[in-house]
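# A look at the structure
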Amino acid sequence: MTFVSNLINGISLGSVYAIIALGYTMVYGIAKMLNFAHGDVIMVGAYASYCTMIYLNWHPLLSILFSIVVCTILGVVIEAFAYKPLRRAGSLAVLITAIGVSYLLQNAALLIWGSTPKIFTSVVNIKPLSLFGGKLTITAESIVTVAACVLIMIGLTLFTQKTKMGKAMRAVSEDKDAAELMGVNVNTTISTTFAIGSALAAVAGVLLCSAYPTLVPTTGSMPGIKAFTAAVFGGIGSIPGTMLGGILLGIIEIFSKSYISTSLSDAIVFAVLIIVLLVKPTGILGKKVTEKV
Amino acid sequence: MLKVDNINVYYGKIHALKDVSLEVHPGEIVALIGANGAGKSTTLKTISGLLRSKTGSINFMDENISHTEAYKLVSKGMAHVPEGRHVFLQMTVLENLELGAYTSGKYVKEGIQNVFNRFPRLKHRKNQIAGTLSGGEQQMLAMGRALMSRPKLIMMDEPSMGLAPILVEQIFDIIRDLHESGTTILLVEQNAEMALRIADRAYVLESGRIKLSGTGAELAQSDEIKKAYLGG
Ligand SMILES: Nc1ncnc2c1ncn2[C@@H]1O[C@H](COP(=O)(O)OP(=O)(O)OP(=O)(O)O)[C@@H](O)[C@H]1O
Ligand SMILES: [Mg+2]
């Protein structure tokens, strides 16, 4: 039974990675940049939800909504002030700016909330599911997380395939100039992408802290890096690939923790990433990138 | 309809366009010819707003568009079929056409019908991913996609590039057809002979400057042009 329960924990953790990774993938796909501050948006989202639940006694659902609104605005503001002026600059400048934004958010959080960990109260207050006469318990958090991940993936896929805005996003991701010549406002499209990615970060933050309740200003950075790894692992730019990458990463992490070594689990995760990239540089489901001159 | 007045365009320190002026009147086909690197594509990109000119002005439909964002020009009636087609390779033919109608949503169905009438080959491939089309089909898709916005002026950058002679003929027939149905055309071509044959007027660009201009027939007769672009 421990195997099954490990598997479930892996899928659940992986679902959180997948939701975060979808934010990376969308921004990377459309703006062709790595938004290294994405992980810290997660942390801000978790604090937003925490504060409204603890200090204002809001209903968890309401606090999630609030957190989504805060992160969406934060994402759009970061894009407008930090990245937009660099639209024509080299990718190194953008990367360094992103790292700067990441530290800015962490330090702002440190100023506001201090370094003492906050203990997050789970937004899911449903009893765990007990199966096989108590031999296997599945937490409600796991179920909600996996369900949220599946819903988000279906929603995003429908959005990008069927809606006008979604098609415009795909067009921008393939060829900015050509999209502009179709009448697509590329700047608006990029802002929208940041809005969506950041809204997802809020959801991920709340779910992550519901399962692992210690909230500190650096809470978002490790999951952020792992989710980025997951996105690369599964195929950055591809929604199903990213989702698969996230879930596999979660499973690998939990399994290495319980069967090999807790302290080595991160090393193992990254070793697997390196091996996958050596064999298939575009990631498991990644498309071949057609670079144009 | 279009009036380009003394524009100067730079790529960093490279001075790509030097005091370029040109005009396109309603209903005309105007050709812009010149050797590789003369600045033809740069001219079109500056007109459609992808590049900015340091000086001078660009007027389209009696409006100064020198500082208008590229995406806003589409709904003003300008279409630009870029060099190298730039269709969305990972999207289907239909999706490409839908994007062409991004700003004129109401006419999607009608527009697609029109494009399919003009380019029957696209109809049979409508659900195919554009990346799997042949070069000629991609060119037709790029032209069809531009027509989806019902442009008043359509600018084409080397539509015949890389196509077999028979396809080149077809593309030129289509251009002539478009012209007859009332669309104004600014055509960039390396194939000077064909371009001058269908153009009402033409400009010759050389190292970023307009070297010559005149009617298509005049230029086709000019010794200078014969020597430089028509092989004798
Ligand atoms: N992105 C760029 N960066 C720097 N220089 C450029 C860039 N694009 C074009 N140039 C330069 O500007 C000049 C004009 O280029 P342009 O593409 O307009 O020529 P063209 O007439 O369209 O040539 P072709 O017939 O080969 O398409 C060339 O000297 C070219 O090297
Ligand atoms: Mg060119």
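Residues numbered from 1 in each chain as written. Chains lettered and ligands numbered in written order. Predicted model: local features only at pLDDT ≥ 70, side-chain atom pairs only at ≥ 80, totals over all residues. Heavy atoms only, no water.

Attention now moves to the overall build of chain B. Across its full length, chain B carries ten helices and ten strands. Taken against the 2.2 N^0.38 rule, which gives 17 Å for 232 residues, the C-alpha radius of gyration of chain B at 17 Å falls within 12% of a compact globule. Judged by the C-alpha coordinates and their principal axes, chain B covers about 45 × 40 × 30 Å. Within chain B, residue pairs in contact and separated by at least 24 positions form 65% of the contacts whose partners lie at least 6 positions apart. Of the roughly 10,100 Å² that chain B leaves accessible, carbon and sulfur atoms contribute 48%. Placing the 27 positive and 25 negative side-chain charges of chain B at their respective mean positions leaves the two points 5 Å apart. (Helix = DSSP H or I, 4+ residues; strand = E, 2+ residues; numbered from the N terminus. Rg over C-alpha atoms; globule rule 2.2 N^0.38 Å. Contact = heavy atoms within 4.5 Å. Areas by Shrake-Rupley, 256 points an atom, 1.4 Å probe, with all protein chains shown as cover. Lys, Arg positive; Asp, Glu negative; His and termini not counted. Charge placed at Lys NZ, Arg CZ, Asp CG, Glu CD.)

What follows deals with the overall build of chain A. Within chain A, the regular secondary structure consists of eleven helices and four strands. Over its C-alpha trace chain A gives a radius of gyration of 19 Å, about what one expects of a compact globule, namely 19 Å for 293 residues. Buried residues in chain A amount to 52% of all 293 residues. A fraction of 73% describes how many contacts in chain A between residues 6 or more apart in sequence connect residues 24 or more apart. Counting 18 positive and 10 negative side-chain charges, chain A places the centres of these two groups 6 Å from one another. (Buried < 20%, exposed > 50% of the residue type's maximum accessible area, 1.4 Å probe, protein only.)

In this section: the sheet that holds strand β10 (residues 209–215) of chain B. All names here are of chain B. Read across the open sheet, the six strands follow the order β6-β7-β8-β3-β9-β10; overall the sheet is mixed. One side of each edge strand has no neighbouring strand; the edge strands of this open sheet are β6 (78–81) and β10. Taken over all neighbouring pairs, the strand axes of this sheet differ in orientation by 15° on average, direction set aside. Of the strand pairs in this sheet, strand β3 (residues 29–34) and strand β8 (residues 184–189) are connected by five bridges, and their pairing is parallel. Bridged to I29 within β8 is I185. Helix α6 (residues 135–147) rests against β6 and β7 (153–157) of the sheet, and its axis sits at about 170° to β6. (Pairing = 2+ DSSP bridges. Axes fitted to C-alpha atoms, helices over the stretch in contact; angles between N-to-C directions.)

So, about the site of ligand 1. All names here are of chain B. Around ligand 1 sit 14 residues in total, of which N36, K40, S41, T42 and Q190 are the nearest. Note that an oxygen atom of ligand 1 is positioned 2.8 Å from one of the side-chain N or O atoms of Q190. Of all the elements in the fold, those that place two or more residues in the shell around ligand 1 are β2 (14–24) and α1 (40–47). Here the element with the most residues in the shell around ligand 1 is α1; it accounts for three residues. Tallied by class, residues from the shell around ligand 1 come to five nonpolar, six polar and three charged. (Near = heavy atom within 4 Å. Polar contact = N/O pair within 3.5 Å; in protein donor to acceptor, adjacent residues only side chain to side chain. Nonpolar A, V, L, I, M, F, W, Y, C, P; charged D, E, K, R; others polar.)

The next point concerns the packing of helix α5 (residues 140–162) of chain A against helix α10 (residues 239–260) of chain A. Residue and element names in this part refer to chain A. Taken N-terminus to C-terminus, the directions of α5 and α10 make an angle of 165°; their axes are 10 Å apart at the nearest point. In this view, α5 runs roughly antiparallel relative to α10, as classed from their interaxial angle. Our pair here, α5 against α10, has a crossing hand that is right-handed. Where α5 abuts α10, its residues C149, V150, M153, L156, T157 and T160 lie against I239, P240 and M243. (Parallel < 35°, antiparallel > 145°, perpendicular 65-115°, else oblique. Left-handed = near helix turned anticlockwise from the far one by under 90°.)

We now examine the coordination of the magnesium ion (ligand 2). Residues and elements named next belong to chain B. The protein atoms that coordinate the magnesium ion (ligand 2) are S41 (OG) and E83 (OE), at distances of 1.9 to 2.1 Å. Placement of S41 in helix α1 and of E83 in the loop between β6 and α3 (93–100) is noted, with a sequence separation of 42 residues between them. Given the relative accessible area of 31%, E83 is considered partly exposed. (Donors = N, O, S within 2.8 Å, 3.2 Å for Na, K, Ca; no water.)

Our focus in this paragraph is the confidence of the model for chain A. One rule of thumb: low pLDDT means the predicted coordinates there are not for detailed reading. Residues and elements named next belong to chain A. Taken over all residues, the pLDDT of chain A has a mean of 89, while the share at 70 or more is 98%. Across chain A, the element-wise mean pLDDT spans from 76 in strand β2 (residues 129–131) up to 96 in helix α7 (residues 176–181). A low-confidence stretch, residues 289–293 stays under pLDDT 50, and its non-local contacts, those more than four residues away or across chains, total five contacts. (pLDDT = per-residue confidence, 0-100.)

Residues and elements named next belong to chain B. Positioned with a positive phi, N6 is a non-glycine residue whose angle comes to about 50°. Along the polypeptide, N6 turns up in strand β1 (residues 2–11). Overall, N6 belongs to the partly exposed group, its relative accessible area being 37%. Here R85, not a glycine, exhibits a phi torsion of approximately 70°, which is positive.

Turning to helix α4 (residues 108–118) of chain B, a few remarks are in order. Residues and elements named next belong to chain B. Every buried residue belonging to α4 is among G111, I112, V115 and F116, and all of these are buried. Relative to the axis of α4, the buried residues are bounded by an arc of 135° and lie together on one face. Relative to its buried face, α4 has exposed residues pointing more than 90 degrees away, namely K109 and N117. On its buried side, α4 packs onto α3, α5 (120–124) and α6. (Arc of directions from axis to C-beta.)

This paragraph deals with the packing of aromatic side chains. Two descriptors summarise a pair of aromatic rings, namely the distance from one centre to the other and the angle between the planes of the rings. Residue and element names in this part refer to chain A. Within the structure shown, the criterion is met by nine aromatic pairs over all chains. Note on F3 and F255: the rings are 5.3 Å apart at their centroids and 80° apart in plane angle, and the pair reads as edge-to-face. Highlighted residues: F3 in helix α1 (residues 2–31) and F255 in helix α10, separated in sequence by 252 residues. Taking the relative accessible area as the measure of exposure, F3 reaches 45% and is therefore partly exposed. (Phe/Tyr/Trp six-rings, centres within 6.5 Å; stacked < 30°, edge-to-face > 60°.)

This part takes up the pairing of β10(B). All names here are of chain B. One ladder, built from six bridges, connects strand β9 (residues 201–206) with β10; its direction is antiparallel. Across the sheet, Y203 pairs through a bridge with S213, a residue of β10. Here β9 hands over to β10 after two residues, with S207 in that stretch at a positive phi of 45°.

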